[in-house]
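# Per-entry structural report
So you can see what is in the structure, the chains are spelled out below.
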Amino acid sequence: MSFISNREAFLANEPEIDVNQFVKAELDLPYADESPNQILDVWYPEDGEGPYPLVILFHGGAFAMGHKRSHYIASMAKPVLQGYAVATVEYRLYTEARWPAQLIDGKAAIRYLRANAGKLNLDADRFAVWGNSAGGCVTQLLATSGDRPECDDLTVGVQASSRVQAAIAWYSINELVSCEQFGMDIAERRNATGAGKGMMPNDGKGSTSMFTELLGYEPLLYPDRTVKASPITYVDETCPPMLLQHGTNDMIVDYHQSVYMYDKVAKICGKDRVMLDLFEGESHGSAKIKSDENISRCIDFLDQVLWEGKNPYRKPLGELRIAGKN
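So, here's what we can say about the structure.

## A few points about helix 9 (residues 256–269)
For helix 9, which comprises 14 residues, the first-to-last C-alpha distance of 19 Å matches the rise-based estimate of 20 Å (1.5 Å per residue) to within 8%. Three or more residues of helix 9 are buried, namely Gln-257, Ser-258, Val-259, Met-261, Val-265, Ala-266 and Cys-269. Positive phi appears at Gly-270, one or two residues downstream of helix 9, with a value of about 100°.

What follows is the structure, given as structure tokens:
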């Protein structure tokens, strides 16, 4: 049976970021050996000599689609224009392996990057994760679970810490039981407005949700199991600084998912550990959230955590070139 990589499967519908524009790039580095999809890229900035602080990206796509160079993550990759190295991670989709394969891959990728930081000219003490939607769920779990052995499989990849120093999550899933219920409760509205994307139950594409496919069981029937896949479960005093952003008209992932996470981190760690931006009336995948104005805010957050507010390489944002586009 021939193997089709995530990138090959979705490249036709998801034009990719042109990697030839970077002054240096390490491409398709294997961080584990259980799947050809356990690979990552590292893209380097034109400014500075390193070791570079690193922003590690996890793409969205309902855990069912997408790839590490998709044009959809171009906005999140813009720290590479501001003195940061950017690593973008390919991970197994649920069509290849069910949960917790996606979290295990995320942790294995971070462990690989930290173990090889010297060779890759990265600062192992300045790692941030950034993800959107499903990728945001992974980044939140990476942020909250730290080096917890029950959230990892250390036989996958190399040995190192998987802790991160900062996290950004866009329209992220943080508590899977309530997120599943939200999808059921607004099914009629989703259908009426055309917002159904096949992620939630009863949205016009069958009664099975993305979460059921991902986990291998119906989340509402097994809440004790489902909470173990929820980032909010693992919040403790060791959580790194977080920036959470969500549109209030999101009919894919309820914006309260980010509110719940904010409230818990603020309660346990203090309000100086977490920021929440709600974008009034904005939907899932909002262009306003991806705008340069907001990207600048996100990089301000990274600068504050990873540069103590003194990033010497900040300059006006440019554009990242998409292959096949002028």
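## Topic: the pairing of strand 2 (residues 39–43)
Buried residues dominate strand 2, accounting for five of its five residues. Across the two faces of strand 2 the burial is the same, with Ile-39, Asp-41 and Trp-43 and Leu-40 and Val-42 all buried. With four bridges joining them, strand 2 and strand 4 (residues 85–89) adopt antiparallel strand pairing. Looking at the pairing, Val-42 lines up with Ala-87 of strand 4.

## With respect to the nonpolar core
Of all hydrophobic cores here, the largest spans 65 residues; its most connected members are Ile-56, Phe-63, Leu-113 and Leu-122. Counting residues per element, this core draws most heavily on helix 2 (residues 101–115), at seven residues. Apart from the residues lying within four places of it in its own chain, the contact partners of Phe-63 are Tyr-91, Leu-93, Tyr-94, Trp-99, Gln-102, Ala-134, Cys-137, Val-138, Met-210 and Leu-214. In this structure, Val-86, Trp-170, Tyr-171 and Ile-322 belong to the second largest nonpolar core, which totals 31 residues.

## Quick notes on the side chain of Asp-236
As for its position among the elements, Asp-236 is in the loop between helix 8 (223–226) and strand 7 (242–247). Within the structure, the side chain of Asp-236 is placed 2.6 Å from the side chain of Thr-238, a separation counted as a polar contact. Among all residues touching Asp-236, those that are not within four sequence positions of it are Arg-148, Ile-268 and Cys-269.

## Thoughts on the environment of Asp-147
Tracing the backbone through its elements, the reader meets Asp-147 in the loop between helix 4 (134–145) and strand 6 (166–170). The partly exposed category is assigned to Asp-147, whose relative accessible area is 36%. Considered as a pair, Asp-147 and Val-164 are 17 residues apart in the sequence and their alpha carbons are 9.7 Å apart. Beyond its immediate chain neighbours, meaning those up to four positions away, Asp-147 contacts Ser-161, Ser-162 and Arg-163. A distance of 2.9 Å separates a polar atom in the side chain of Asp-147 from a polar atom in the side chain of Ser-161.

## Topic: the pattern of salt bridges
Inspection of the entire model under this criterion finds 20 salt bridges. Among the ionic pairs, Lys-68 bridges to Asp-28, the shortest N-O distance being 2.7 Å. Of this pair, Lys-68 sits in the loop between strand 3 (52–58) and strand 4 while Asp-28 is found in strand 1 (residues 25–30), placing the two residues 40 residues apart along the sequence. The buried category is assigned to Lys-68, whose relative accessible area is 0%.

## Observations concerning helix 10 (residues 292–306)
Helix length check: helix 10, at 15 residues, gives a terminal C-alpha distance of 20 Å against a target of 21 Å (1.5 Å per residue), a fit within 8%. Among all positions of helix 10, only Asn-294, Ile-295, Cys-298, Ile-299, Phe-301, Leu-302, Asp-303 and Leu-306 are buried.

So, how was this worked out
- Residues numbered from 1 in each chain as written.
- Predicted model: local features only at pLDDT ≥ 70, side-chain atom pairs only at ≥ 80, totals over all residues.
- Heavy atoms only, no water.
- Helix = DSSP H or I, 4+ residues; strand = E, 2+ residues; numbered from the N terminus.
- Expected span 1.5 Å × (residues − 1).
- Buried < 20%, exposed > 50% of the residue type's maximum accessible area, 1.4 Å probe, protein only.
- Pairing = 2+ DSSP bridges.
- Core = buried A, V, L, I, M, F, W, Y, C linked by side-chain atoms within 4.5 Å.
- Contact = heavy atoms within 4.5 Å.
- Polar contact = N/O pair within 3.5 Å; in protein donor to acceptor, adjacent residues only side chain to side chain.
- Salt bridge = Lys/Arg side-chain N within 4 Å of Asp/Glu carboxyl O.

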